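# Descriptive analysis of the structure
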Amino acid sequence: MREKASIRTTAAELGSSPSTVSREIHRNRTPGRVSRWQCRPHAAQSRADARKPRPKPARIGQSSELREFIKQHLSRRWSPEQIVQLLRRNFPDRPEMHVVHETIYQALYVQSRGELRRELAKACGPDGPCADRTASPTSVSPAWPNTW
């Protein structure tokens, strides 16, 4: 808006409809000098961030049935991708049981308070069925054999 571009030009550059751009400008504008309105992008982004419903509650944490299903299959050493496929196959009419594999990875690794990771570690124990086994150096085959 500082460049005095029209709303239609801005919308075309962003690939949005002019009504969407107009609505966002009016929603996020701030009073300026001499009773004019200004569009201040950093202030607008701060207000938009404050309106976001984040952080959302984790879906895995909300459903004990989903959490137990995932935990059971992780203990069998299934990958998150395999678990997601099985969830969709076993529960086709229950969208609350559908997650993407990134959700499982976040529950395990990204979230510092990963409840699923703690539960899985407690259920498996240090020598349990899903304990992290490190192979001996002699049993590991190289990814690229040295053939030259």
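Further remarks concern the packing of helix α1 (residues 7-14) against helix α2 (residues 18-28). Closest axis-to-axis distance for the α1/α2 pair is 8 Å, and the angle between their directions is 110°. Relative to α2, the element α1 lies roughly perpendicular. Together, Ile7, Arg8, Thr10, Ala11 and Leu14 of α1 and Pro18, Val21, Ser22 and Ile25 of α2 make up the contact between the two elements. A per-class count over the contact of α1 with α2 returns 6 nonpolar, 2 polar and 1 charged.

In this model, the chain carries a mean pLDDT of 76, and residues with pLDDT of at least 70 account for 65%. Confidence drops under a pLDDT of 50 for residues 133-148, and excluding neighbours within four residues, the segment shows 4 contacts in the predicted structure.

Where two aromatic rings form a pair, the distance of their centres and the angle of their planes describe that pair. Tallied over the entire structure, the rule returns 1 aromatic pair. Summarising the aromatic geometry, the rings of Phe69 and Phe91 are spaced 5.7 Å apart at their centres and angled 75° between planes, so their arrangement reads as edge-to-face. With Phe69 in helix α5 (residues 64-75) and Phe91 in the loop between α6 (80-90) and α7 (101-110), this residue pair connects regions lying 22 residues apart in the sequence. Accessibility expressed as a relative area gives 15% for Phe91, which makes it buried.

Basis of the calculations
- Residues numbered from 1 in each chain as written.
- Predicted model: local features only at pLDDT ≥ 70, side-chain atom pairs only at ≥ 80, totals over all residues.
- Heavy atoms only, no water.
- Axes fitted to C-alpha atoms, helices over the stretch in contact; angles between N-to-C directions.
- Helix = DSSP H or I, 4+ residues; strand = E, 2+ residues; numbered from the N terminus.
- Parallel < 35°, antiparallel > 145°, perpendicular 65-115°, else oblique.
- Contact = heavy atoms within 4.5 Å.
- Nonpolar A, V, L, I, M, F, W, Y, C, P; charged D, E, K, R; others polar.
- pLDDT = per-residue confidence, 0-100.
- Phe/Tyr/Trp six-rings, centres within 6.5 Å; stacked < 30°, edge-to-face > 60°.
- Buried < 20%, exposed > 50% of the residue type's maximum accessible area, 1.4 Å probe, protein only.

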